[in-house]
Amino acid sequence: MSTLSEILLAMTRYFEGDRKRINHLIKVHSFARIIGEREALDDQQQFILEAAALTHDIGIKVSEKKYCSSAGTYQEIEGPSEARSLLQSFELDQAVIDRVCWLIAHHHTYDSIQDLDHQILVEADFLVNADEDQLPVQSIMSLKNSLFRTAVGIELLTDLFLR
């Protein structure tokens with residue numbers, strides 16, 4: 001079994017039957033994988049991206065207990081330590097774990113995206129959130145123009161919401 005499959009199974013155990021959150025991470029992972037492949041990330045970048053997509057919302061449980069909120073800001077605060085604990089059970093380089101945790105700590109931070117893995121994770125999460133939250137077309141158009149940068153991310157957003 002691949003490490004990514006093992007991480008997915010660990011996340012399903014972590015969310016303990018919370019189908020909504022499990023389905024969310026699976027959908028974000030699928031979009032991130034597709035966008036990352038089309039953007040020609042190297043193997044390590046692709047692995048980091050996919051691991052981050054699978055674990056990006058791991059901070060929600062702690063945030064809800066600690067702050068009574070699942071707001072993105074709290075996820076970014078609480079997620080990295082939760083992810084680090086989970087990821088250290090796999091044979092991963094410390095640099096990989098550090099980068100995944102950094103991405104988790106910034107997956108709701110849109111004003112300073114500089115790296116392609118960060119951009120792709122944000123786009124993949126937004127594609128899923130736009131559907132789950134039933135965002136109005138005007139909001140989607142606005143974010144398409146201000147947030148999306150990858151060709152396949154724009155293509156997916158357009159195909160899903162704007163045709």
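About the criteria used
- Residues numbered from 1 in each chain as written.
- Predicted model: local features only at pLDDT ≥ 70, side-chain atom pairs only at ≥ 80, totals over all residues.
- Heavy atoms only, no water.
- Helix = DSSP H or I, 4+ residues; strand = E, 2+ residues; numbered from the N terminus.
- Rg over C-alpha atoms; globule rule 2.2 N^0.38 Å.
- Buried < 20%, exposed > 50% of the residue type's maximum accessible area, 1.4 Å probe, protein only.
- Areas by Shrake-Rupley, 256 points an atom, 1.4 Å probe, with all protein chains shown as cover.
- Contact = heavy atoms within 4.5 Å.
- Axes fitted to C-alpha atoms, helices over the stretch in contact; angles between N-to-C directions.
- Parallel < 35°, antiparallel > 145°, perpendicular 65-115°, else oblique.
- Nonpolar A, V, L, I, M, F, W, Y, C, P; charged D, E, K, R; others polar.

A word on the overall build of the chain. Helix and strand counts for the chain come out as 9 helices and 0 strands. In the chain, the order of α-helices and β-strands from amino to carboxyl end is α-α-α-α-α-α-α-α-α. Over its C-alpha trace the chain gives a radius of gyration of 15 Å, about what one expects of a compact globule, namely 15 Å for 163 residues. Counting only C-alpha atoms, the chain reaches 45 × 40 × 30 Å along its principal axes. Across the 163 residues in the chain, those meeting the buried criterion constitute 47%. A total of about 8,400 Å² of accessible surface is found on the chain, and carbon and sulfur atoms cover 48% of it.

By the secondary structure assignment, Glu-132 is in helix α7 (residues 116–132). According to the relative accessible area criterion, Glu-132 is partly exposed, its value standing at 29%. With 108 residues separating them along the chain, Glu-132 and His-24 place their C-alpha atoms 8.6 Å apart. Non-local contacts of Glu-132, meaning those with residues more than four positions away in its chain, are made with His-24 and Lys-27.

With that out of the way, let us pick up the packing of helix α8 (residues 137–146) against helix α9 (residues 151–161). Packing of α8 against α9 brings their axes to within 11 Å, and their N-to-C directions diverge by 170°. Here α9 runs roughly antiparallel to α8, going by the angle between their axes. Between α8 and α9, the residues in contact are Val-137, Ile-140 and Lys-144 and Ile-154, Leu-157, Thr-158 and Phe-161, respectively. For the contact of α8 with α9, the class distribution of residues is 5 nonpolar, 1 polar and 1 charged.

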